[in-house]
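In case you want the letters, here they are:
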Amino acid sequence: MTLESIDRALTSGQRLTREQAVHLFREAPLEWLRERADARRRALHGDAAFYNRNIHFEPTNKCVYACRFCAFARRPDQTESDGAWDHSFDDLGALLDRYPPGTLTEVHITGGVHPDRGVEYGEALCRFVRSRRPEVHIKAFTAVEISFFARKSGLNLEQTLERLRDAGLDSLPGGGAEIFAPEVRRKIAGGKAPAHQWLDIHEAAHRLGLKSNATMLYGHVESHEDRVDHMERLRELQDRTRGFMSFIPLRYRNENNALSHLPEVPPDEDFRTFAVARLFLDNIPHLKAYWVMLGVSQACQALHWGVDDLDGTVDDSTKIYSMAGAEEKIPALSSTRLQEIILAQGRNPVERNSLYRPV
Ligand code: SF4
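How each quantity is defined
Per chain, the residues get numbers from 1 upward, laid out in the order the sequence is written. Where totals are concerned, whole chains, interfaces and linings use all residues; where local detail is concerned, this predicted model gives features only for residues with pLDDT of at least 70, and gives and counts side-chain atom pairs only at 80 or more. Side-chain calculation: all heavy atoms of the structure are included, whereas hydrogens and water are not. A run of H or I in DSSP becomes a helix once it reaches four residues, and a run of E becomes a strand once it reaches two; helices and strands are each numbered from the N terminus. The reference for a compact globule is 2.2 Å times residues^0.38; the radius of gyration itself is calculated from the C-alpha atoms. The classification of residues rests on relative accessible area computed with a 1.4 Å probe and restricted to protein chains. Under 20% of the type maximum is buried, over 50% is exposed, and intermediate values are partly exposed. When at least one non-hydrogen atom of a residue lies within 4 Å of a molecule or strand, that residue is treated as near it. Polar here means any residue outside two lists: the nonpolar Ala, Val, Leu, Ile, Met, Phe, Trp, Tyr, Cys and Pro, and the charged Asp, Glu, Lys and Arg; Gly therefore counts as polar. Residue count minus one, scaled by 1.5 Å, sets the expected span of a helix. Contacts are assigned to residue pairs with any non-hydrogen atoms lying within 4.5 Å of each other. Here the axes come from fitting lines to C-alpha atoms, over the contacting stretch only for helices, and the angles between their N-to-C directions go from 0 to 180 degrees. Roughly parallel means an angle under 35 degrees; roughly antiparallel, over 145; roughly perpendicular, 65 to 115; everything else is oblique. Note: crossing handedness is left-handed where the near helix turns anticlockwise from the far helix by less than a right angle, and right-handed where it turns clockwise. In this context, the arc is that of the directions from the helix axis out to the C-beta atoms. In protein, a polar contact means a hydrogen-donor-capable atom and an acceptor-capable atom, both N or O and within 3.5 Å, with residues adjacent in sequence counting only if both atoms are side-chain atoms; elsewhere, any N or O pair within 3.5 Å suffices. In this description, a nonpolar core means a group of buried Ala, Val, Leu, Ile, Met, Phe, Trp, Tyr and Cys residues linked to one another through side-chain atoms lying within 4.5 Å.

A. Spatial organisation of the overall build of the chain. Across its full length, the chain holds 14 helices and nine strands. Its C-alpha atoms give the chain a radius of gyration of 19 Å, within 12% of the compact-globule value 21 Å for 359 residues. Dimensions along the principal axes, computed over C-alpha positions, put the chain at roughly 60 × 45 × 40 Å. Residues counted as buried form 61% of the 359 residues belonging to the chain.

Below is the structure:
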């Protein structure tokens, strides 16, 4: 296999094979990759770089699981003095009240897997947001949370999703995917929803008309083959459903967790991962650099490596990555600031809604 043969495949519109993608991870010069990923991005989206006005709500960080990469979770029996929290609906109401109508288009809700909460809790949460802010898009619950809701409430996955949808859920975030390769998933994510279940939940959501997103946690103990395997499973599912809107590579951050002995990957490896993802995932339209995790400066650079989306304003409403060592200890960007940093990269800022329609 040579770069020339991969280049010919890309130029003629052929889909990259698993072997070709691994070869790109291992052998492609960075500038070679950047040029091709950037060209693919430009062909898909022109100069547009998307962002939205969103907040996160993390109802609790008490969790029945103990993923080794996670700095966010606390055991269900831990208390505030241990850094645990369990927000009430009033807390959520107070958060929503901070935003006058027209200043917010999305609420992103994910958190720990609380042992006492089934689908009834998820429904009540969606209904609460819907009653307070009927105009706002509710993107909520990772597949891991949904899997637990189903088990706790004695429902199948489709019934669980249907009930959440009927209560106001609009789409699914991409969390909980981590890495699908079973051996690595077992090492880093213990007993939580296996890969096939994560994929089943997203497939069922797509069948029910709910769009979703997909993440990949990289830069810990996985191999390049594992990353390509992960993306290939997503690509296969997307061929069937067309329900994924964006792919979001998430770099492993190494503070305050059980894998802290592992070094973080250097920025070049982030850029390489974004570029290979843009070339390999020919059927997922958007590639997102989540600035909260990557840092603003690096997320801006990622716009030249196939990325067309920076996520949103966030407004200091998430703790998941700041607790794990991300640079952004107070993650908040105004719309104006997001526009400025996108313009500084020579791109056209486009505010989008959660379904990627321009606002
Ligand atoms: S990653 Fe999610 S499921 Fe795993 S311990 Fe953290 S909060 Fe719980």
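B. View of the site of the ligand. If you check the shell around the ligand, you find Cys 63, Tyr 65, Cys 67, Phe 69, Cys 70, Phe 72, Ala 73, Gly 112 and Lys 192 and nothing else. Partitioned by chemical class, the residues of the shell around the ligand number seven nonpolar, one polar and one charged.

C. Up close: helix α3 (residues 30-45). The end-to-end C-alpha separation of α3 is 22 Å, in line with the 22 Å expected for 16 residues at 1.5 Å each. For α3, the set of buried residues is Trp 32, Leu 33, Ala 37, Asp 38, Arg 41 and His 45. Contacts made by the buried residues of α3 are with α1 (3-11), α2 (18-27), β1 (48-57), α11 (267-280) and β7 (286-287). Following α3 by one or two positions, Gly 46 has its phi on the positive side, about 60°.

D. Quick look at the packing of helix α5 (residues 119-132) against helix α7 (residues 157-166). Where α5 meets α7, the closest approach of the two axes is 8 Å, and the angle between their N-to-C directions is 20°. What the angle tells us is that α5 and α7 run roughly parallel. Where α5 crosses over α7, the two elements pack in a sense that is right-handed. Contacts between α5 and α7 involve Val 119, Glu 120, Gly 122, Glu 123 and Cys 126 on the former and, on the latter, Thr 160, Arg 163 and Leu 164.

E. Summary view of α7. Restricting attention to buried positions, one finds in α7 the residues Leu 157, Thr 160, Leu 161 and Leu 164. All buried residues of α7 lie within an arc of 95° about the axis, which places them on one face of the element. Its side-chain oxygen at 3.1 Å from the backbone nitrogen of Glu 158, Asn 156 defines the N-terminal cap of α7. The positive-phi residue at the C-terminal boundary of α7 is Gly 168, with phi of around 125°.

F. Broad picture of the nonpolar core. Membership of the largest hydrophobic core comes to 113 residues, with the highest contact counts inside it found for Leu 24, Phe 141 and Phe 247. Per-element accounting of this core gives the leading share, seven residues, to α11. Once you skip the residues sitting within four places of it in the chain, Phe 247 turns out to touch Ala 214, Thr 215, Met 216, His 230, Met 231, Leu 234, Ala 277, Leu 281, Ile 284, His 286, Leu 287 and Lys 288.

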